[in-house]
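Each chain is listed here by its residues.
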Amino acid sequence: MKLLEGKTVLVTGASAGIGRAAAIGAARHGADVVINFSRDEAGAASAVAEIEALGQRGLSVKGDVSDPATARDFIAQAVDAFGKVDAFVNNAGICPFHAFLDMPVETFERTMRVNLHGAYFMVQAAANQMVKQGHGGAIVAVSSISALVGGEYQTHYTPTKAGLHSLMQSTAIALGKYGIRCNSVLPGTILTDINKDDLADMDKRERMAARIPLGRLGQPDDLEGPIVFLASDLAKYVTGASLLVDGGAFVNLQ
Ligand SMILES: NC(=O)C1=CN([C@@H]2O[C@H](COP(=O)(O)OP(=O)(O)OC[C@H]3O[C@@H](n4cnc5c(N)ncnc54)[C@H](OP(=O)(O)O)[C@@H]3O)[C@@H](O)[C@H]2O)C=CC1
Ligand SMILES: C[C@H](O)[C@@H]1OC(=O)[C@H](O)[C@@H]1O
C-alpha cells in the first residue's frame, strides 16, 4: 500500500543520511519530493535521480537553512514546480562534537542557527503555505533521543533537539485549527556522516550498541517508515506526538 500517493513532500537536509532516506521513502510511497541541501551537489543530484527512478517527480533546491530567506525560497520553488506542499519534513542538522568548558562561541551559535532557528523558519514557511492551500498538512521534525537525554560532547546540540521536540508540541496547538498535524521522530544513534568520526572510536561504538535491546545501531532507512507514517493520512489523528526510533535504547536503564 502506498501511503503518500498524490502528495508533495518536502525534506530539508536530504542530500545524505536520514533526510535522504526519508525523501526516497516518500517517493517509494507515491509522493513527488522536493529536497533541500546546503553543500553536497552530488548527493542531492543522486537523491533526485533515485526519486525519479521510482517514477515520481523530484527537485533539489540549494540553501543554508540558517538563513530565513532559504525557507521562503524553498517553499516558493516547491510550489512553482509541483503546485502545493502536503507534508514537510524538517531534518537538516549538524552535530560538531565538542567539550562543554571550551565550547567555541561560533560552534554553539552555528549549531543553534542550523538546527533550531533554521527549523523555526522552515516550519513557519511550510505552515503558511499549508494554511493558504486550506486543506491541512503534516509536519514531521527529526528531533532525537537527545531531546530527552544528554551527551557530554553535545551540550550545544541536545538543547536544539529538545527545542525541536517542543516546537512540534507548540505548533501542534497553533496549527491544529488548520488541520495541520505536527509530530517529531526521536532517532537513537543512526550510522551517518554526522557521527562517522565520533563512532570511529570502536569502544564507544560497541558500548552504544550494547545498550540497544534490538542489538544494533540504526541505519538511515530505519527512519523511513516512521517518517512516512507520520506524514501520511494513516496518522490523521496524531499530532503533538513524538516517536522514539532507537531500537529501545532509551528505555534500557538496567
Ligand atoms: N545520525 C544520528 O544518530 C541522529 C541524527 N539525528 C538528526 O537527524 C538529522 C539528519 O542527520 P544525519 O542524517 O544523521 O546527518 P548527515 O550528516 O548524514 O546529513 C545531514 C544533512 O543535513 C544537511 N545540512 C547540514 N547543514 C545544513 C544547512 N545549514 N542547510 C541545509 N542542509 C544542511 C546536509 O546537507 P549538505 O551536506 O549538503 O550540507 C545533509 O543532507 C539531523 O537533524 C540530526 O540531528 C537525530 C538523532 C540521531
Ligand atoms: C550525532 C549523534 O551520533 C547522534 O545524534 C543524536 O541526536 C543521537 O542522540 C546521537 O547522539
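These numbers come from a predicted model, not from an experiment.

Thoughts on the site of ligand 2
Around ligand 2 sit Phe97, Ser144, Ile145, Ser146, Gln154, Tyr157, Gly188, Thr189, Ile194 and Asn195, and those are all the residues in its vicinity. Between ligand 2 and serine 146, the relevant distance is 2.5 Å, taken from an oxygen atom to a side-chain nitrogen or oxygen of the residue. In this structure, an oxygen atom belonging to ligand 2 sits 3.0 Å away from a side-chain N or O atom of glutamine 154.

So, the UniProt feature "domain: Ketoreductase" (unreviewed entry) in the chain
The UniProt feature table records "domain: Ketoreductase" (unreviewed entry) at residues 7–181. As annotated, residues 7–181 has a helix share of 50% and a strand share of 15%, and its two end C-alpha atoms lie 15 Å apart.

What about the environment of proline 213?
Considering the arrangement of structural elements, one finds proline 213 in the loop between α6 (202–210) and α7 (224–231). Residue proline 213 is classed as exposed on the basis of its relative accessible area, which comes to 51%. Along the primary structure proline 213 and glycine 248 are separated by 35 residues, whereas in three dimensions their C-alpha atoms are 5.5 Å apart.

Describing the nonpolar core
Side chains of a nonpolar character, in soluble globular proteins, are inclined to be buried together. Leu4, Val9, Val11, Val33, Ile35, Val185 and Ile227 are the most contacted members of the largest nonpolar core, which has 33 residues in total. Elements represented by at least two residues in this core include exactly β1 (8–11), α1 (17–28), β2 (32–37), α2 (41–53), β4 (87–90), β5 (137–142) and α7. Here this core takes 6 residues from α1, the largest share from any one element. Formed by 29 residues, the second largest nonpolar core is a distinct cluster that contains Val34, Ala71, Ala119 and Ala126.

A few points about the packing of helix α3 (residues 68–82) against helix α4 (residues 105–133)
The geometry of α3 relative to α4 is characterised by a closest axis approach of 8 Å and an angle of 35° between their N-to-C directions. Seen along the crossing, α3 lies across α4 with a hand that is right-handed. Two secondary-structure elements touch here, α3 through Pro68, Thr70, Ala71, Arg72, Phe74, Ile75 and Val79 and α4 through Phe121, Met122, Ala125, Ala126 and Gln129.

Topic: the sheet that holds strand β7 (residues 242–245)
Read from one edge of the open sheet, 7 strands run β3-β2-β1-β4-β5-β6-β7, paired in parallel fashion. Across the chains shown, the open sheet's two edge strands, defined by having one partner strand only, are β3 (58–62) and β7. Neighbour-to-neighbour, the strand axes of the sheet open up by a mean angle of 15°, direction not taken into account. In this sheet, β4 lies alongside β1 in parallel orientation, the contact comprising 3 bridges. Within β4, the position partnered with valine 11 by the bridge is valine 89. Against the sheet, α4 makes contact with β2, β4, β5 and β6 (180–187), and its axis sits at roughly 180° relative to β4, the strand it touches most.

About the criteria used
Residues numbered from 1 in each chain as written. Chains lettered and ligands numbered in written order. Predicted model: local features only at pLDDT ≥ 70, side-chain atom pairs only at ≥ 80, totals over all residues. Heavy atoms only, no water. Near = heavy atom within 4 Å. Polar contact = N/O pair within 3.5 Å; in protein donor to acceptor, adjacent residues only side chain to side chain. UniProt positions renumbered as here; feature names shortened; annotations may be inferred. Helix = DSSP H or I, 4+ residues; strand = E, 2+ residues; numbered from the N terminus. Buried < 20%, exposed > 50% of the residue type's maximum accessible area, 1.4 Å probe, protein only. Core = buried A, V, L, I, M, F, W, Y, C linked by side-chain atoms within 4.5 Å. Axes fitted to C-alpha atoms, helices over the stretch in contact; angles between N-to-C directions. Left-handed = near helix turned anticlockwise from the far one by under 90°. Contact = heavy atoms within 4.5 Å. Pairing = 2+ DSSP bridges.

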